[in-house]
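# Per-entry structural report
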Amino acid sequence: MAESSEGEEEGKLTGGNQQLVVDDDLREMAKKAAWSVSSCKPGNGVASLRDDNLDTYWQSDGAQPHLVNIQFQKKVKLKLVVLYVDFKLDESYTPSKISVRAGDGFHNLKEIKVVELVKPTGWVYISLSGNDPRETFVNTFMLQIAVLSNHLNGRDTHVRQIKVYGLDWNPIPRQPFQFTSTEFITYSTLR
């Protein structure tokens with residue numbers, strides 16, 4: 001991993017995993033978010049990013065950078081972004097450099113990760129934790145994924161799926177009930 005200016009981390013990711021595997025303490029957070037993209041070809045919009053079908057894809061239509069915006073109604077603790085990209089199928093449409101930004105809204109997004117992808121095929125994991133061991137997640141209202149460049153100098157991009165994982169908010173693991181008040185949490189276990 002190489003260090004870039006202003007403390008952002010830039011890393012190269014090769015390959016990709018064919019199976020999506022995440023820790024049990026994480027859950028998919030983006031289901032209740034509002035999704036938007038900077039541009040798309042007809043029939044290849046946001047719905048294609050979220051349909052759990054690896055045969056469909058979002059295809060941008062315009063100048064770079066290509067943006068995917070994920071906005072939450074309340075602050076969420078995000079730990080991991082996972083993308084499915086396929087160099088074998090998409091060739092020059094495959095992203096080669098991705099920036100992940102977080103903030104309260106469009107007005108104050110800050111770049112937290114820059115990742116270079118080298119001919120990826122499969123699920124690509126981008127950790128949102130910082131250099132400091134205490135920075136295990138990002139607490140944010142908005143996440144933006146920017147495709148800065150594509151393989152073979154391609155103009156438009158294909159991303160087949162995006163998943164965003166955060167900390168499971170249930171303070172007592174492996175319990176079917178999800179208590180939300182301090183009083184209930186206090187009395188939720190037996191001695």
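Thresholds, definitions, all that
Residues numbered from 1 in each chain as written. Predicted model: local features only at pLDDT ≥ 70, side-chain atom pairs only at ≥ 80, totals over all residues. Heavy atoms only, no water. UniProt positions renumbered as here; feature names shortened; annotations may be inferred. Salt bridge = Lys/Arg side-chain N within 4 Å of Asp/Glu carboxyl O. Helix = DSSP H or I, 4+ residues; strand = E, 2+ residues; numbered from the N terminus. Buried < 20%, exposed > 50% of the residue type's maximum accessible area, 1.4 Å probe, protein only.

If you check an unreviewed UniProt entry, the protein chain appears there as Anaphase-promoting complex subunit 10 from Rehmannia glutinosa. On record in UniProt, under Function (unreviewed entry), the comment for the protein chain is "Component of the anaphase promoting complex/cyclosome (APC/C), a cell cycle-regulated E3 ubiquitin-protein ligase complex that controls progression through mitosis and the G1 phase of the cell cycle." What UniProt records for the protein chain under Sequence similarities (unreviewed entry) is the sentence "Belongs to the APC10 family."

What follows deals with the pattern of salt bridges. Pairing is possible between side chains that carry opposite charge, provided their charged atoms lie close to one another. Taken as a whole and judged by the stated rule, the model has 4 salt bridges. Here Arg50 and Glu28 are joined by a salt bridge, their closest N and O atoms 2.9 Å apart. Remark: Glu28 occurs in strand S3 (residues 26-28) and Arg50 occurs in the loop between helix H1 (46-49) and strand S5 (58-59); sequence separation between them is 22 residues. You can call Arg50 partly exposed: its relative accessible area is 21%. Measuring nitrogen to oxygen at the nearest pair gives 3.4 Å for the salt bridge that ties Lys41 to Asp61. Here the residue Lys41 occupies a position in the loop between strand S4 (34-37) and H1, and Asp61 occupies one in the loop between S5 and strand S6 (66-86), the gap between them amounting to 20 residues. Residue Lys41 is classed as partly exposed on the basis of its relative accessible area, which comes to 27%. Classification of Asp61 by relative accessible area gives partly exposed; the value is 35%.

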